[in-house]
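# Summary of the model geometry
Chain by chain, the residues:
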Amino acid sequence: MRPPAPPPPPGVLRNVALELGPALSGGTAPGPGPVMGAPAGGPALPERLRLPVCFLGVFACYFYYGILQESITRGRYGEGAQQEKFTYALSLVFIQCVINAAFAKLLIRFFDSVKVDRTQSWLYAACSLSYLGAMVSSNSALQFVNYPTQVLGKSCKPIPVMLLGVTLLRKKYPLAKYLCVLLIVTGVALFMYKPKKGVGGDDHIFGYGELLLLLSLTLDGLTGVSQDHMRAHYQTGSNHMMLNVNLWSTLFLGAGILFTGELWEFLSFTERYPSIIYNILLFGLTSALGQSFIFMTVVYFGPLTCSIITTTRKFFTILASVILFANPISTMQWVGTVLVFLGLGLDAKFGKGVKKTSH
């Protein structure tokens, strides 16, 4: 009898974590175990349909997710002097976490019910703090910067992940990884550069929005480190991680919106503008579905194909934002954008090798 194939090592898919901002910022790379579309008894999709389904699923869910996110957070509600802005980032992330947790529970119920989760609860609680902090910071940044800036900023996750990997986990990366990150940094610098228009101008190079994006990236890196620890020591599956991290985040955010009084202000806002409820529910649903399609892509085709699909999606999301929401992009910013995505693409192809130092 042929011996069973050994399971993949816990770190093989860690880099896919960089692509999961909408659902688990900082990453829940899928661990061993079935995911939606790939039950334990065998593949649910014919082989010839897998790539089109994965591509369209990731692209459609996250593309629409981006449009909804900008529409909700940067839209104007009301008319004339009574116009209002949506400023309830905690409530928005709270609803997103509730939907993510419910979706993960369904995945465990129908696709992953056999696996027993032995991860300690305090690890999920600690991970959820950085996870929800990253999402709240990212959504709050949209009050100060346009959506292309936010997408490009969130695309720089390899930078904090690499820095934290070197400093906390004592990893060694290949030269190609550093060159790709340098390319990304150069692109971001070109995108963020704003030449002074004259004395007394109010243009800023680095303001509240950029600081919030920097905070979100740092928390993304911490989330990735903590999830790597869980996968390495407890072989935590992706569905259980998605469920428990979102449950703890729901608990923390629920207390937060009650303590600050934001919940009542948010409910009052939805009473005045009930149409936003539909967009918020779709926002959470596309987040959860998008993450599931990413898991399917990694299981069937590996991290490289997943990185190509998600990087392509981000570029077209920026393009759609420019067209649909009239966000102006200068020639220098387009050059910076191309450099960032070129760096991400080269990193997906050549920068994944990691060597750990002896501890």
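Residues numbered from 1 in each chain as written. Predicted model: local features only at pLDDT ≥ 70, side-chain atom pairs only at ≥ 80, totals over all residues. Heavy atoms only, no water.

## Focus on the overall build of the protein chain
The line we're drawing: Secondary structure elements are defined from DSSP: runs of H or I of at least 4 residues count as helices, runs of E of at least 2 residues count as strands, and each element is numbered from the N terminus. Burial here depends on accessible area, computed with a 1.4 Å probe over protein chains only, as a share of the maximum for the residue type. Under 20% is buried, over 50% is exposed, and the range in between is partly exposed. Every residue pair with non-hydrogen atoms within 4.5 Å of one another is taken to be in contact.
Scanning the protein chain from terminus to terminus reveals twelve helices and four strands. Counting across all 359 residues of the protein chain, residues that qualify as buried make up 52%. The contacts in the protein chain between residues at least 6 apart in sequence include a share of 84% that link residues at least 24 apart.

## Here's the deal with the nonpolar core
Condition: Nonpolar cores are built from buried Ala, Val, Leu, Ile, Met, Phe, Trp, Tyr and Cys residues. Side-chain atoms within 4.5 Å join them into one set.
Counting residues in each nonpolar core, the largest one holds 35 residues, and the members touching the most others are I72, Y77, F86, F269, I276 and I280. Only α1 (47-74), α2 (89-111), α8 (238-260), α9 (262-272), α10 (275-301) and α11 (303-324) provide two or more residues apiece to this core. Ranked by residues supplied to this core, first place goes to α10 with ten residues. Residues in contact with F86, not counting those within four places in the same chain, are I72, T73, Y77, L92, Q143, F266, F269, I276 and I280. Core analysis: the next-biggest nonpolar cluster, separate from the first, contains 15 residues, Y147, V188, F341 and L344 among them.

## Comments concerning the pattern of salt bridges
One side chain can pair with another of opposite charge once the charged atoms of both are near each other. The criterion, for reference: Think of a salt bridge as a Lys or Arg side-chain nitrogen and an Asp or Glu carboxyl oxygen that are within 4 Å of each other.
Across all of its chains, the model carries one salt bridge by this definition. Close ionic contact of E84 with R272 constitutes a salt bridge, the shortest N to O distance being 2.9 Å. In this pair, E84 sits in strand β2 (residues 84-85) while R272 sits in helix α9, placing the two residues 188 residues apart along the sequence. In this structure E84 comes out as partly exposed when scored by relative accessible area, which is 23%.

## Details of the packing of aromatic side chains
For the record, the criterion: Only rings of Phe, Tyr and Trp enter the pairing, Trp through its six-membered ring, and a pair is recorded when the two centres are within 6.5 Å. The plane angle decides the type: under 30 degrees is stacked, over 60 is edge-to-face, the rest tilted. In our convention, an over-ring charge means Lys NZ or Arg CZ found within 6 Å of a ring centre and within 35 degrees of that ring's normal.
A full pass over the atoms with the stated rule returns 15 aromatic pairs. With a centroid separation of 5.6 Å and an interplanar angle of 25°, the aromatic rings of F55 and F59 are classed as stacked. Here F55 and its partner F59 are both found in helix α1, four residues apart, which amounts to about one turn of the helix. Judged by relative accessible area, F55 falls into the partly exposed class, the value being 33%. With a centroid separation of 6.2 Å and 85° between ring planes, the pair formed by F86 and F266 is classed as edge-to-face. Placement of the pair is F86 in the loop between β2 and α2 and F266 in helix α9, with a sequence separation of 180 residues. Ring pairs connect the aromatic residues Y77, F86, Y88, F266, F269 and Y273, which therefore count as one cluster. It is R109 that lies over the ring of F110; its NZ or CZ is 5.4 Å from the centre.

## So, the side chain of S138
For the record, the criterion: Polar contacts, as counted here, are pairs of nitrogen or oxygen atoms within 3.5 Å of one another; within protein the pair requires one atom able to donate a hydrogen and one able to accept it, and residues that are adjacent in sequence qualify only if both atoms are side-chain atoms.
Positionally, S138 belongs in helix α3 (residues 121-141). Owing to a relative accessible area of 6%, S138 belongs among the buried residues under this scheme. A polar contact is formed between the side chain of S138 and the side chain of Q150, at a distance of 2.7 Å. Apart from residues lying up to four places away in sequence, S138 is in contact with Q150, K154 and S216.

## Focus on the packing of helix α6 (residues 175-192) against helix α12 (residues 331-350)
In a pair of packed helices, the angle between the axes and the distance between the axes together describe the arrangement. For clarity, the cut-off: Lines fitted to C-alpha atoms define the axes here, with helix axes fitted over just the stretch in contact, and angles between the N-to-C directions of these axes take values from 0 to 180 degrees. The labels follow the angle: roughly parallel below 35 degrees, roughly antiparallel above 145, roughly perpendicular from 65 to 115, and oblique for the rest. Crossing chirality is assigned from the near helix's rotation relative to the far helix, an anticlockwise turn below a right angle marking it left-handed and a clockwise turn marking it right-handed.
Their axes nearest at 7 Å, the elements α6 and α12 cross at an angle of 165°. Classified by the angle their axes make, α6 and α12 are roughly antiparallel. When you trace α6 past α12, the crossing you get is left-handed.

## Brief notes about the environment of I159
As for its placement among the helices and strands, I159 is situated in helix α5 (residues 158-167). Sequence-distant contacts of I159, that is, excluding residues within four places in its chain, are made with V181, I184 and V185.

## Here we look at α8
The test is simple: What a helix is expected to span follows from its residue count: subtract one and scale by 1.5 Å.
End to end, α8 covers 32 Å across 23 residues, agreeing with the expected 33 Å (1.5 Å per residue, within 8%). Downstream of α8 by a residue or two, G261 has a phi angle that is positive, lying close to 80°.

## Here we look at the confidence of the model for the protein chain
Regions with low pLDDT carry predicted coordinates that are not meant to be interpreted in detail. Counted only if it meets this: Think of pLDDT as the predictor's per-residue confidence, scored from 0 to 100.
On average, the protein chain scores 77 in pLDDT, and the residues at 70 or more come to 79%. Element-level mean pLDDT values for the protein chain span from 48 in strand β4 (residues 355-356) up to 94 in α9. Counted against residues more than four places away or in other chains, residues 4-33, with its pLDDT under 50, gives 87 contacts. In the predicted structure, residues 39-43 sits below a pLDDT of 50 and forms seven contacts with residues beyond four places in sequence or in another chain.

## Here's the deal with the packing of α8 against α9
Where α8 contacts α9, the axes come no closer than 5 Å and their chain directions differ by 85°. Between α8 and α9, the angle falls in the class roughly perpendicular. On α9, the residues that touch I257, L258 and T260 of α8 are E262, L263 and W264.

## Concerning unusual backbone geometry
Although it is not a glycine, Q235 adopts a positive phi angle of roughly 50°. With respect to the secondary-structure elements, Q235 resides in the loop between α7 (208-234) and α8. Under the relative-accessibility criterion, Q235 is labelled partly exposed at 42%.

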